[in-house]
Structure formats: C-alpha cells, structure tokens
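Coordinates in review
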Amino acid sequence: MKGLLVLIITLITISHCQRFGGNQQNYNTNYNNAPAAPLGGGGVSCPERNGTFPTSTCDGYIECKDGVGEEKLCPDGLLFNPEVRGYPCQYPIDVDCAGRTATQPAQPTEECPHQYGYFRLGDATHCGQFMNCAAGRGFTFDCPEGLAFNAASYRCDWPDQVPDCDAEAYLGFSCPPPAKGFFGFGEEYRFFRSPADCQRYFVCIEGKPRAYVCGEGQAFNELTNTCDGAENVTGCAQNYNPNFDSRQQQNQQQFRG
C-alpha cells in the first residue's frame, strides 16, 4: 500500500505541467492510480455486464465486472465522470454533476482542503501561486512570471482573464486612461515600459495590464514599442542587469500573444 501511495503522488506531481495551450499554461494531471474506496454491499444491479455507472452522488459510482456490481467512491476531491473509459474519477472541472450534486464530506489535512485537487494560494493581489494536493499532501508551484493561477481551468493565465485576481495590484501597474483617436476610439493595445526595470514592459488591453519581459541584453524601447538593445534605449544601458536569468525570459516568451 505504501508503494502504491508513493506512485500516486509521483505521477500526479511530475505530470502537473505537461499540457500547454496558447498564452496559457495548464497544470491538469494524470491521476489514474488514485484508489477508489469500495462501499461494500453486494448485489448491486448492473445496467450492463461490464463498466462503470453513476449513482445519485457525483463522486460515487457502480463498477460492474462480469455482471457483479460493487459501489465505489472516488477519492476526496475527485468526481465520477460517466463519459470516460478506464479510471473514472477526475477533477471537478472535467465533470458534469447535473442531477447528482451531492458528494462525500471533505477530508482535509494540515496542508490541503481536500485529498486531491488544485487550489490557489494567496489573495486577489497575490495570484501566481497554487497548490497541487495528492493523497492529502500539498505541493506548491509558481506560475511563470506575469501569469496567475485560474481555478476555473487549472491553468496559469493572464491575470485579467482570472476573475478573482486583481491584475493591477498583482502586477504592480495600472494602465493610464487611453487617449481618444479621431473617431473617439482609443488604441486597442498600448505599451509601457516598467518604471522599475528596463527589461520589462506592460501591454494594456481593454484597460488591463499584461506583463512581458525582453531578452538578455535588451530593454523595451518606447519609441518603437519593441525590445531593443539596451545600449539603444535612453537611460537603460547603465541599468541593464547582466545577471538576468535567460531561462525566465524563455519561459515568458511561450505565452506572448
């Protein structure tokens, strides 16, 4: 049993960052070995000879093998998905619980509110950190710089796309009011160099900031709205940080929209 628990934790932790998409980073995982709990009580009716079938609760199900049915319960934090084959317990964002909303009581630990799941850490002004809980153990992760954890999708997303994140407070920058154009419309995208760091800049979209970072040896040029050699940007050559971590820049570049 101890070996199985270690395997479960390892699989869930290692696979948490394997799926990416667009300007978002998704931390959905593989939890195929999380053990379901049998509820006992033989003689359960099987709709079909083999398969898994829903009960009146969202985390309970009937497993039928050769016409013999057994009631089972998904691990705390996971829900039964009747639409999948194989291991049927999945994260809540992947399961439609219409008509069967009841679930088992939570089984919190000192680290986690549920045995399994993803949970944001911090408040609306600190949105970039989250916890992956596996078998009641919590593993803390940080989103890439400038992104926030979206509990609705289990992804690291632009802060302005996360309903419970205050993008301005989190990024430390507020977009100035847009100037009106000839026809009364402001610019769709506006660029601003970070007041604190020449290598970083913000793109304002519909009045909300998104943070970007230029590459090593570069600074944001407000005359061209592009990253340029630091020596070409007034006031930035002497402020260039030679210890800038290029790996952080590469991580950020994945999410440029």
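Higher on the page you've got the structure.
Since the model is a prediction, treat every value here as computed from it, not as a measurement.

In this section: the state of the cysteines. All told, the structure shown has 9 disulfides when counted by the stated rule. In this model C112 forms its disulfide with C133; the gap between the sulfur atoms is 2.1 Å. Since a negative S-S torsion denotes a left-handed disulfide, the C112-C133 link at about -100 degrees is left-handed. Of this pair, C112 sits in the loop between β8 (89–90) and β9 (117–121) while C133 sits in strand β10 (residues 129–134), and the two are 21 residues apart along the sequence. The class of C112 is buried, set by a relative accessible area of 3%. On the basis of relative accessibility, which here comes to 0%, the residue C133 falls in the buried class. The disulfide that involves C127 links it to C165, with 2.2 Å between the sulfurs. Between C127 and C165, the S-S torsion sits near 95 degrees, and that sign places the bridge as right-handed. Residue C127 is found in the loop between β9 and β10, and its partner C165 is found in the loop between β13 (155–157) and α2 (167–171); the two are separated by 38 residues along the sequence. The two residues C127 and C165 agree in class, both being buried.

With 26 residues, the main nonpolar core has L78 and F130 as its most contacted residues. Of all the secondary-structure elements, those providing two or more residues to this core are β10, β11 (137–142) and β15 (200–205). For this core, the element with the most residues is β15, which contributes 3 residues. Counting 7 residues, the second largest nonpolar core, distinct from the first, contains F173, C175, F202 and A211.

All right, on to the side chain of D76 then. Structurally, the position occupied by D76 is in the loop between β6 (68–73) and β7 (79–80). The side chain of D76 is buried and forms no salt bridge, while R100, the nearest opposite charge, is found at 14 Å. A distance of 2.9 Å separates a polar atom in the side chain of D76 from the backbone nitrogen of Q107. Non-local contacts of D76, meaning those with residues more than four positions away in its chain, are made with Q104, P105, A106, Q107, H114, Q115 and Y116.

This paragraph deals with the pattern of salt bridges. Taken as a whole and assessed by the stated rule, the structure comprises 6 salt bridges. Here K72 ties to E63 by a salt bridge, and the two come within 2.7 Å at their closest N and O atoms. One exposure class covers both K72 and E63, and it is buried. Among the ionic pairs, E168 bridges to K208, the shortest N-O distance being 3.2 Å. Of the two residues, E168 is situated in helix α2 and K208 in strand β16 (residues 208–213); the sequence distance between them amounts to 40 residues.

We now examine the sheet that holds β11. Strand pairing in a sheet is mediated by backbone hydrogen bonds. Such pairs are either parallel or antiparallel. Taken in spatial order, the 3 strands make up an open sheet running β9-β10-β11, and their pairing is antiparallel. Of all the strands in the sheet, the pair left with one neighbour each is β9 and β11. Ignoring strand direction, the axes of neighbouring strands in this sheet form an average angle of 30 degrees. Sheet topology places β9 next to β10; 5 bridges connect them, and they run antiparallel. Within β10, the residue paired with G117 across the bridge is C133.

Reading guide: rules and limits
Residues numbered from 1 in each chain as written. Predicted model: local features only at pLDDT ≥ 70, side-chain atom pairs only at ≥ 80, totals over all residues. Heavy atoms only, no water. Disulfide = S-S within 2.5 Å. Helix = DSSP H or I, 4+ residues; strand = E, 2+ residues; numbered from the N terminus. Buried < 20%, exposed > 50% of the residue type's maximum accessible area, 1.4 Å probe, protein only. Core = buried A, V, L, I, M, F, W, Y, C linked by side-chain atoms within 4.5 Å. Lys, Arg positive; Asp, Glu negative; His and termini not counted. Salt bridge = Lys/Arg side-chain N within 4 Å of Asp/Glu carboxyl O. Polar contact = N/O pair within 3.5 Å; in protein donor to acceptor, adjacent residues only side chain to side chain. Contact = heavy atoms within 4.5 Å. Pairing = 2+ DSSP bridges. Axes fitted to C-alpha atoms, helices over the stretch in contact; angles between N-to-C directions.

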